[in-house]
Each structure stands twice: as structure tokens, then as C-alpha cells.
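Each chain is listed here by its residues.
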Amino acid sequence: MAELLPAPFADLVTRLHLEPQCQKSLFELPTSNWYLPSPDGPDLSVAFHGKRAGNLAGPAAGPHTQMAQNLLLSYVSGGRILELKTVQVNDRLTIGRPCIDMTNVGYNIEWSQELLVADSLREYVAGAMLIEMFRHNREFSQGRLDGPSGEIIYDISVGYDLTGIRSDKVRGFLNGMRDASGMVEKLRGEIPVDFKDAKELAFPTCLSESITLSTFHGCPVDEIEKICEFLIGEEGFDVIVKMNPPTLGKERLEHLLHDVLGYNELVVNPTAYDSVISFGESVELCDRLTAYAGRHGRRVGFKFSNTLEVLNHRDFFTGDNKVMYLSGPPLHVMTMTLTDEFRRAVGPDVPISFSA
């Protein structure tokens, strides 16, 4: 399997400073596409877990959010809430290649980080440092990222079960995200001497105190609740719970998929309905976790939604992959429907994030 190798930090810093001068771009993103909001424009900042972000947009966890330069690109493009690629204890998986099919409807067989946990921590800290260099370089930012529009929030994503999340490896990662001072100083030492101003920046060391929980498709409600209680009560994080499309129920989901949208070639994996949280259970879980988080001075919210398990009906992936995970246009409609139903049921005060 092809290995994903992080680029040397010194190379990334050098490219950040020189490519805009030489090519009018940054990691191939033209300068004309940079998001530099006008100081006279509307205040688009939003509250998220007691902090402010410049706006409500940003990438969800995925292969693209596991590399430092992609985090920088997300920010330069306008993202202000960056959900980092999910980290789990088993970081030595063999992932089939190719693993993503994006012809129109999206399918993938990739469900975990492609880096070691220690490398993931390094990439996230490196990405945050690159963003600070960009923000504070007046040649790039023109001073337009100093106020609320420039504020950024990093949201950790971890999975996939309580045993793995309680492991020393994952807990060490979480501690490293809350206190990244050691990694910051290590990477500071790798900044080339030519970029003295960057080397002297006061980089943030507490990168995140919020987690989006990603669990296996079909994870039972009591397991999800125990994980949330651990992350909130013992680890002291705010938590967003990622929901799954089958919570809509088989009849409603497949009516949308087949009768309304016309994707008759898609067959939902029958086991996707076996252990999924029912809609009623999701509302009850929301009530219990909201109360639990409040007692611990933290916050809880819900994310819509995860991908949808469907049977592999194409020849893009190897034949041993019987199931693939659907995204794109059909997922968007199902997730919008589930989000609307959930919002109506829990009221306006429960935080919701949307990615479909």
C-alpha cells in the first residue's frame, strides 16, 4: 500500500513564504481565491462551544484534514471551524487503493486516519502554526484577519469505541492537543532562519477542547452514551455526537433514496438498520447528555451526518469490499431531512453541525 508521508515542516514554511511571490498562489490555490474579508463587511462570526469562529463554515473530518498544508488551505479558502481527521487507537490499518470514488455520487472504503497517531498530532500542530504565520504576515493577510473574521476553531474527531478512546495512545493524543507546547517548540526549531518573524510568533498551544465523536455504523446507544460521559466527565471536553442516516428509519430513508431521488441502483446494507439509534432514542440521548454536560460545565451537540452504508455495486473498488460508504447528492437530502426532524424534536438550543 502507498504510504502517506507528511512533508518536512521546513519545506512547508518555505513554500508558504515563497510560492505567493513566485507563482501568485499558495499550495496551488491562486491568490485571487484567497478569502480576505473586508473590514467593512458584515460580522459573520459565530459562537461554538463558548468560543468564536470567523464564520460557520469549514471542512468536516476526512482524508483532506489530516495534512498540515490542507488545514492551511482550508483556512485560506475561508474555513473557520476545522474538524480534524478522526484519530483512533488502531493506526496501522491496510487501506485499499483506490479508496475514494467521486464520479458524481461519492463512495469510499476509507474510514480511519492514514497516519500514525503521533504523526496526526504533529500534522495538526504544524497546520495551526502555518495558519498563524499566514494570519500575521501582512503581505498575505493585509491585516484583514486580525478581528473576529480571522478567528479559528479546531475540532478534534476521535473514534470508534470506548476501549480505543480510553487507551493510553488516544488519551495521549488528546492531552497533546490541549497542551501542544512541546510540539510547538520542536517545530519552531525547524523553521528556517530566513523567516525570523515566523520563528518568533506566539503560537497557540491549547489547540482544542472540543471533540466530534465518530462511532462505527450501528454502534449501540449505550456505548455512545458511555463514550460521551467519559469524554465530558473524565476528560473535560465539549462533545458533538455524529449521527447516522438510518436513524430516519428504513421506510423513510429508502422512500427518499428510491422513490423521491430515483437512486434505485443503491442498496442500503441491511445490517445498517440492526443497531442504529432510533429517532426516539436519539432525542432521549440528547436530553440525557445535555443535562450531563451541563452538570460538568461542558456542552454537547449533534452532527448530521455520517455517510450511508451501501452494498458495493460498482467495479471501482476491489471485489473484497462488499460495503462502501455513500456521500454526495443523495446523502445531502437524507441528512437535511434528518436534521430538520431532529431540530423540531429537540428545540432551538441544542447545537447542530451539518456535513453531507
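Preceding this paragraph is the structure being described.
Residues numbered from 1 in each chain as written. Predicted model: local features only at pLDDT ≥ 70, side-chain atom pairs only at ≥ 80, totals over all residues. Heavy atoms only, no water.

**Thoughts on empty space enclosed by the protein**
Thought 1: Scanning the model with the defined rule gives one cavity of 30 Å³ or more in all.
Thought 2: Surrounding the largest cavity, Thr215, Phe216, Gly218, Cys219, Ile224, Lys242, Met243, Asn244, Thr247, Val276 and Ile277 form its lining.
Thought 3: Taken together, the residues of the lining of the largest cavity break down into six nonpolar, four polar and one charged. (1 Å grid on protein atoms, 1.4 Å probe; cavity = no way out; pocket = protein on both sides within 12 Å on 5 of 7 lines; lining within 4 Å. Points joined across faces, edges and corners; volume = space filled by probe spheres on them. Nonpolar A, V, L, I, M, F, W, Y, C, P; charged D, E, K, R; others polar.)

**Section: the nonpolar core**
Thought 1: One finds Met133, Phe134 and Phe173 to be the most contacted residues of the largest nonpolar core, which totals 100 residues.
Thought 2: Top contributing element to this core by residue count: helix 3 (residues 117–136), with 11 residues.
Thought 3: The residues contacting Phe134, other than those within four sequence positions of it, are Leu16, Leu26, Trp34, Leu36, Leu72, Tyr75, Val76, Phe140, Ser141 and Leu145.
Thought 4: In terms of nonpolar packing, the next biggest core, distinct from the first, is built from six residues, Val46, Ala53, Ile153 and Ile240 among them. (Core = buried A, V, L, I, M, F, W, Y, C linked by side-chain atoms within 4.5 Å. Buried < 20%, exposed > 50% of the residue type's maximum accessible area, 1.4 Å probe, protein only. Helix = DSSP H or I, 4+ residues; strand = E, 2+ residues; numbered from the N terminus. Contact = heavy atoms within 4.5 Å.)

**Considering the environment of Asn312**
Thought 1: With respect to the helices and strands, Asn312 occurs in the loop between strand 12 (308–311) and strand 13 (323–327).
Thought 2: A relative accessible area of 19% places Asn312 in the buried class.
Thought 3: Sequence spacing of Asn312 and Gly50 is 262 residues, and the spatial spacing of their C-alpha atoms is 42 Å.
Thought 4: With sequence-adjacent residues up to four places away left out, Asn312 is seen in contact with Phe317, Thr318, Asn321, Lys322, Val323 and Met324.

**Here we look at the packing of aromatic side chains**
Thought 1: Within the structure shown, the criterion is met by eight aromatic pairs.
Thought 2: A ring pair is formed by Tyr124 and Phe173, whose centres lie 6.1 Å apart and whose planes are at 70°; its orientation type is edge-to-face. Residue Tyr124 is found in helix 3, and its partner Phe173 is found in helix 6 (residues 168–178); the two are separated by 49 residues along the sequence. With respect to class, Tyr124 is no different from Phe173; both count as buried.
Thought 3: Plain terms: the ring middles of Tyr160 and Phe216 are 4.9 Å apart, the flat faces sit at 20° to each other, and that makes the pair stacked. One end of the pair, Tyr160, is in the loop between strand 8 (153–158) and helix 5 (162–165); the other, Phe216, is in the loop between strand 9 (210–213) and helix 9 (221–234), with 56 residues separating them in the sequence.
Thought 4: Residue classification places Phe216 among the partly exposed positions, given a relative accessible area of 36%.
Thought 5: Grouped by ring-pair contacts, the aromatic residues Trp34, Phe134 and Phe140 constitute a single cluster.
Thought 6: Arg80 extends its terminal NZ or CZ atom over the ring of Tyr75, reaching a point 3.9 Å from the ring centre. (Phe/Tyr/Trp six-rings, centres within 6.5 Å; stacked < 30°, edge-to-face > 60°. Lys NZ or Arg CZ within 6 Å of the ring centre and 35° of its normal.)

**Re the sheet that holds strand 14 (residues 352–354)**
What links the strands of a sheet is backbone hydrogen bonding, and the strands pair in either a parallel or an antiparallel sense.
Thought 1: Pairing within the open sheet is parallel, and its six strands lie in the order 5-8-9-10-11-14. Of all strands in the sheet, those with a lone pairing partner are strand 5 (81–83) and strand 14, marking the two edges. Each strand of the sheet is rotated relative to its neighbour by a mean of 25°, with strand direction disregarded.
Thought 2: In this sheet, strand 11 (residues 300–304) lies alongside strand 10 (residues 238–242) in parallel orientation, the contact comprising four bridges. (Pairing = 2+ DSSP bridges. Axes fitted to C-alpha atoms, helices over the stretch in contact; angles between N-to-C directions.)

**Describing helix 9**
Thought 1: Spanning 14 residues, helix 9 covers 19 Å between terminal C-alpha atoms, matching the ideal 20 Å at 1.5 Å per step.
Thought 2: Along helix 9, the residues that are buried comprise Val221, Ile224, Glu225, Ile227, Cys228, Phe230, Leu231 and Ile232.
Thought 3: For helix 9, the secondary structure elements touched by its buried residues are strand 8, helix 5, helix 6, strand 9, strand 10 and helix 11 (279–295).
Thought 4: In the segment just after helix 9, Gly236 is the residue with positive phi, at about 75°. (Expected span 1.5 Å × (residues − 1).)

**Here's the deal with unusual backbone geometry**
Thought 1: Looking along the chain, the bond that leaves Arg97 and enters Pro98 is cis, with omega of -5°.
Thought 2: Take Pro98: it is sitting in the loop between strand 5 and strand 6 (100–101).
Thought 3: Gly159 connects to Tyr160 through a cis peptide bond whose omega is -5°.
Thought 4: Positive phi outside glycine occurs at His49, with the angle close to 55°.
Thought 5: Classification of His49 as buried rests on a relative accessible area of 10%.

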